[in-house]
Amino acid sequence: MTKVLLIHGPNLNLLGMREPDIYGTTTLAQINEMIQQQAAELGMEVTIVQSNHEGELVEAVQQAYDWAQAIIINPAAYTHTSVALRDAIAAVGLPTIEVHLSNIADREDFRHQSLTAPVCAGQISGFGPASYILALHAAKHIIEEEQE
Ligand code: DQA
């Protein structure tokens, strides 16, 4: 079974009530349910982690080296600030897909730069909760290509 680590970064635990005009009204629990449903259909085992702490996110990425075949990550605000998270993704070397609910290219200037995207296989941004579903398909695609 394909194993994937899926990480939600800071403030994503507040989805549903957080700036609903930008992030929608779907809660993180609902998004996680959608993810698990899709994962089951794709034959993937997804472990989901949410943390507001940069170090915990770094540790989750590091530990994935031992058991995961890919990482899906919404680094949230750390996208734009965290050299540590970028370095962890680069160090571990697992295929990683960056996800954003909102289209970060269409927002404030400071959100246009992603420190993490250059060390990821690709980025999916702007499709709301469906960004995570698209990322599952991308992860499956990458893993299958690697196995060929
Ligand atoms: C986000 C976009 C980030 O700029 C922001 O800091 C977030 C959420 C998104 O999913 O759209 O917290 O990653």
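Structure's up top.
No experiment lies behind these values; they were computed from the predicted model shown. (Residues numbered from 1 in each chain as written. Predicted model: local features only at pLDDT ≥ 70, side-chain atom pairs only at ≥ 80, totals over all residues. Heavy atoms only, no water.)

Attention shifts here to the nonpolar core. Nonpolar side chains in soluble globular proteins tend to end up buried together. Counting residues in each nonpolar core, the largest one holds 25 residues, and the members touching the most others are Val46, Ile72, Ile97 and Tyr132. Residue assignment for this core shows that the elements contributing at least two residues are strand 1 (2-8), helix 2 (28-42), strand 2 (44-50), strand 3 (70-74), strand 4 (96-100) and helix 5 (130-147). Per element, the largest residue contribution to this core is 6 residues, and it comes from helix 5. (Core = buried A, V, L, I, M, F, W, Y, C linked by side-chain atoms within 4.5 Å. Buried < 20%, exposed > 50% of the residue type's maximum accessible area, 1.4 Å probe, protein only. Helix = DSSP H or I, 4+ residues; strand = E, 2+ residues; numbered from the N terminus.)

This part is about the site of the ligand. The ligand sits among Arg18, Tyr23, Asn74, Ala76, Ala77, His80, His100, Leu101, Ser102, Ile104, Arg107 and Arg111. The contact in question runs from an oxygen atom of the ligand to an N or O atom on the side chain of Asn74, over 2.8 Å. With the chains in place, 99% of the 320 Å² that the ligand exposes on its own is no longer accessible. Taken together, the residues of the shell around the ligand sort by class into 5 nonpolar, 4 polar and 3 charged. (Near = heavy atom within 4 Å. Polar contact = N/O pair within 3.5 Å; in protein donor to acceptor, adjacent residues only side chain to side chain. Areas by Shrake-Rupley, 256 points an atom, 1.4 Å probe, with all protein chains shown as cover. Nonpolar A, V, L, I, M, F, W, Y, C, P; charged D, E, K, R; others polar.)

Everything listed here is a matter of geometry and, on its own, says nothing about what the molecule does.
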